[in-house]
Amino acid sequence: MSKKNNTPQDPACAACKVAIRKRACVTPGGVGGVGCPTQEQAQALEAANAKYDDPQLMEFARQASLQEAACYVNRDQRPYVLQPSKTRIQEIWEFAHRMGYTKVGLAFCLGLVNEAAKVEQMFKSHGLEVVSALCKAGATPKEMLGLGDEDKVRQGGFESVCNPVFQAELMNRAGTQLNVLLGLCVGHDSLFFAHAKAPSTVLAVKDRVTGHNPLAAVYLSDGYYAKLKEADSQGSDELL
Ligand code: SF4
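Parameters at a glance
All chains use their own residue numbering, which begins from 1 and follows the written sequence. Where local features are concerned, this predicted model is filtered to residues with pLDDT of at least 70; where side-chain atom pairs are given and counted, the filter is 80 or more; whole-chain, interface and lining totals use all residues. Working definition: helices are DSSP H or I runs of at least four residues, strands are E runs of at least two. Numbering for both runs from the N terminus. Exposure in this text rests on C-beta crowding, where 20 or more other C-beta atoms within 10 Å of a residue's own make it buried, 12 or fewer make it exposed, and counts in between make it partly exposed. The C-beta atoms are placed from the backbone. Note that contacts rest on C-beta atoms placed from the backbone: two residues are in contact if these are within 7 Å. These domain boundaries are the output of an automatic or database domain assignment. A fitted line through C-alpha atoms serves as each axis, taken over the contacting stretch for helices, and the angle formed by two N-to-C directions is quoted from 0 to 180°. It is the rotation of the near helix from the far one that decides the hand of a crossing: anticlockwise by less than a right angle makes it left-handed, clockwise makes it right-handed. In this classification, Asp, Glu, Lys and Arg are treated as charged, Ala, Val, Leu, Ile, Met, Phe, Trp, Tyr, Cys and Pro as nonpolar, and every other residue, Gly included, as polar. Strand pairing is assigned whenever DSSP identifies at least 2 bridges connecting the two strands. Throughout this description, the term nonpolar core refers to a group of buried Ala, Val, Leu, Ile, Met, Phe, Trp, Tyr and Cys residues whose C-beta atoms join them within 7 Å. When describing relative orientation, an angle under 35 degrees is termed roughly parallel and one over 145 degrees roughly antiparallel, while 65 to 115 degrees is termed roughly perpendicular and anything else oblique.

Enquirer: Summarise the overall build of the protein chain; cite the residues concerned and give the values.
Expert: Scanning the protein chain from N- to C-terminus turns up 9 helices and 4 strands. Reported as C-alpha extents along the three principal axes, the dimensions of the protein chain are approximately 60 × 50 × 40 Å. Out of the 240 residues belonging to the protein chain, those deemed buried represent 16%. Taking all contacts inside the protein chain whose residues are at least 6 apart in sequence as the whole, residues at least 24 apart take part in 52%.

Enquirer: Please set out the domain arrangement of the protein chain residue by residue, giving values where relevant.
Expert: You can read the domains of the protein chain as domain 1 (1-47), domain 2 (54-86) and domain 3 (88-206). Placing a centre on the C-alpha atoms of domain 2 and another on those of domain 3 gives a separation of 27 Å.

Enquirer: Lay out the packing of helix H6 (residues 164-174) against helix H7 (residues 188-195) with the relevant residues and their values.
Expert: At a closest axis distance of 8 Å, the pairing of H6 and H7 adopts a crossing angle of 30°. Here H6 runs over H7; the crossing is right-handed. On the side of H6, the interface is formed by Pro-164, Val-165, Gln-167, Ala-168 and Glu-169, while H7 contributes His-188, Asp-189, Leu-191, Phe-192 and His-195. The residue inventory of the contact of H6 with H7, partitioned by class, reads 5 nonpolar, 3 polar and 2 charged.

Enquirer: Talk me through the environment of Gly-127; I want residue IDs and the actual numbers.
Expert: Relative to the helices and strands, Gly-127 is located in the loop between helix H5 (113-125) and strand E2 (129-134). Remark: the alpha-carbon pair of Gly-127 and Trp-93, spanning 34 residues in sequence, is separated by 8.9 Å.

Enquirer: I'd like to hear about the sheet that holds strand E1 (residues 103-108), residue by residue, with values.
Expert: Reading across the sheet, the 4 strands line up as E2-E1-E3-E4 and stay open at both edges, with parallel pairing between neighbours. Taken across any chain shown, the strands that pair with only one partner, and hence form the sheet edges, are E2 and strand E4 (200-204). On average, adjacent strands in this sheet sit at an angle of 25° to one another, irrespective of strand direction.

Enquirer: Which residues make up the nonpolar core, and what are the values?
Expert: In this structure, Leu-106, Ala-107, Val-180 and Leu-182 are the most contacted members of the largest nonpolar core, which totals 28 residues. When contributions to this core are tallied by element, the ones reaching two or more residues are helix H4 (88-98), E1, H5, H6, strand E3 (178-182) and E4.

Enquirer: Quick one: what's the story with the environment of Thr-210, residue by residue and with numbers?
Expert: In this structure, Thr-210 sits in the loop between E4 and helix H8 (215-219). What makes Thr-210 partly exposed here is the crowd of 15 C-beta atoms within 10 Å.

Enquirer: I'd like to hear about unusual backbone geometry, residue by residue, with values.
Expert: The step from Arg-78 to Pro-79 runs through a cis peptide bond, and the omega angle for that step is -10°. Locating Pro-79 in the fold gives a position in the loop between helix H3 (55-70) and H4. Of note in the backbone geometry, Asn-74 takes a positive phi value of approximately 55° without being a glycine. Mapped onto the fold, Asn-74 is located in the loop between H3 and H4. When the 10 C-beta atoms within 10 Å are taken as the criterion, Asn-74 is described as exposed. Positioned with a positive phi, Ala-139 is a non-glycine residue whose angle comes to about 50°. Structurally, Ala-139 can be placed in the loop between E2 and H6. Owing to 10 C-beta atoms within 10 Å, Ala-139 belongs among the exposed residues under this scheme.

Enquirer: Now, about the packing of H3 against H4: what can you tell me, with residues and values included?
Expert: Where H3 contacts H4, the two axes come as close as 10 Å, and the packing angle between them is 140°. In terms of their interaxial angle, H3 and H4 are classed as oblique. For the pair H3 and H4, the crossing hand works out as right-handed. Across from Gln-63, Ala-64, Leu-66, Gln-67 and Ala-70 in H3, the residues of H4 making contact are Glu-91, Glu-94, Phe-95 and Arg-98. Of the residues belonging to the contact of H3 with H4, the class tally is 4 nonpolar, 2 polar and 3 charged.

Structure below.
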């Protein structure tokens, strides 16, 4: 199905109703969903895949794919039932080793200082040099962003802005080869990604309510968190 001007329909894979093993993107000759990019976006695919002509991009992608497979054991078994074997933090340091990286950046949130200390030690114990920067580093006042006292978390005093641009600048100047985000807020993480020179990955995202497990709310969205699915945000605001 195409738009009136003959440009392809925007992809909507999240709404695809085709059984997973029968999907065109999973099985050659499979079926596509509405607006299927596998079947309708040949030009975009060609443009994207041409970018792998860059040897650096190709190697990064190749190692990422190798690391993906290495996260499962007994892959020679038939029929194969997924047997994942590695935590994400292990995945990160193994990928760093695969790429020959020795210096990683750890950009973390004030709310996860204890976790950051443990992560730093783990990375170090696996042979990585760690450059770390807390979100509040620089102690830039929130007033720089035009915010007032009513916009602060703790009102009535000084409050540092979370400064992911500064975190990224610190990583850039230190020459980190891979940055790891730990608990940055929504939007702050976006700014870090936009300003960091080295590739960045995420160890954990912040979720203040679920112990940094945002999918807990998704898993419970047919039950205790059903209000998250309502257009009316009043209930959602109560939960969040
Ligand atoms: S690429 Fe096509 S088949 Fe695969 S999920 Fe998207 S719409 Fe469905």
